[in-house]
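A closer look at the structure
Here is how the chains run, residue by residue.
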Amino acid sequence: NPNLTSDAVAEELQVHVDTLIAAIDAQAAGDAGAFDLLKEAASHMPMTAAILAGAIVEQFPDMFGGTTDSGGAELRSGLTALLQEHVYLAGTATGQALAGNTAGFEAAAATLDVNTVELSEAIASVYGEEGGEAFLGLWRAHIVMFVDYTNGIATSDQAAADAARAELDQYRQDFGAFMASANPNLTSDAVAEELQVHVDTLIAAIDAQAAGDAGAFDLLKEAASHMPMTAAILAGAIVEQFPDMFGGSVAGVPGHDHG
């Protein structure tokens, strides 16, 4: 790619190496801060993706519609990163809980909550402080439901697990109603249906973790792989609602046809 230089790419990867090494060192030392450091390492990856994608789009403009630095594209990529991070951190926290590592669970859960706050700040940047606070409450509540499900499975309390699953079904409806009330381009049922996949895939990963199934890693990746679609739907609806706030659109990437 003529829009990239060897030195620039090598310099960009230096941060990747340094941040992941720092996380590994913390893991080796048994430092609870390892989860925060791993999140920091992952948080650098959207910048790497932006540099590579920008250079590729510039190289092949006829292959990729739009630009990578429009407001809509940046909203979509930002939500994608945060939502995928949510899944991996949730899976990390439930894995620690199922392993009986209370300290590890608490540390992972704290890092997960940082991600939750960042998501709420993204929503607040569009819908104001009140909207951000409403989102924060709903998102935190659904994490507790996943934890309750995990505890039910860990203690062989099927009734507790079933109750948590029922609460997650109600959460989907509540979150759908919240998003539909904020954005006329979304319907409560459509959002709830989209979240059904999130619930089902993460529950499948938790069940595999509880069973000691090595396939849990693949299932967690599958759960995270659904998040770009959720981000695309939300970002597309937001850009359509506030075209003056976000230049361009979120289109031009496979898997999205909204806006």
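Okay, so let's go over this structure. Just so we're clear, the structure is a prediction, and the values are computed from it rather than from any experiment.

Conventions and cut-offs
Residues numbered from 1 in each chain as written. Predicted model: local features only at pLDDT ≥ 70, side-chain atom pairs only at ≥ 80, totals over all residues. Heavy atoms only, no water. Helix = DSSP H or I, 4+ residues; strand = E, 2+ residues; numbered from the N terminus. Rg over C-alpha atoms; globule rule 2.2 N^0.38 Å. Buried < 20%, exposed > 50% of the residue type's maximum accessible area, 1.4 Å probe, protein only. Contact = heavy atoms within 4.5 Å. Areas by Shrake-Rupley, 256 points an atom, 1.4 Å probe, with all protein chains shown as cover. Core = buried A, V, L, I, M, F, W, Y, C linked by side-chain atoms within 4.5 Å.

**Observations regarding the overall build of the protein**
- Secondary structure assignment for the protein yields nine helices and zero strands.
- Ordered by position from N to C terminus, the α and β elements of the protein give α-α-α-α-α-α-α-α-α.
- Rg of the C-alpha trace for the protein: 19 Å, near the compact-globule value of 18 Å for 259 residues, within the 12% margin.
- Put simply, the protein has 259 residues, and 37% of those count as buried.
- Nonlocal contacts in the protein, meaning residues at least 24 apart in sequence, comprise 64% of its contacts between residues at least 6 apart.
- Here the protein has roughly 12900 Å² of accessible surface; of this, 58% comes from carbon and sulfur atoms.

**Here's the deal with the nonpolar core**
- Core analysis: the largest hydrophobic core is formed by 45 residues, its most contacted members being Trp139 and Phe175.
- The set of elements that each furnish at least two residues to this core consists of helix 4 (71–98), helix 5 (102–154), helix 6 (158–182), helix 7 (188–210), helix 8 (216–225) and helix 9 (227–241).
- Setting aside its immediate chain neighbours within four residues, tryptophan 139 contacts Leu83, His86, Thr116, Leu119, Tyr171 and Phe175.

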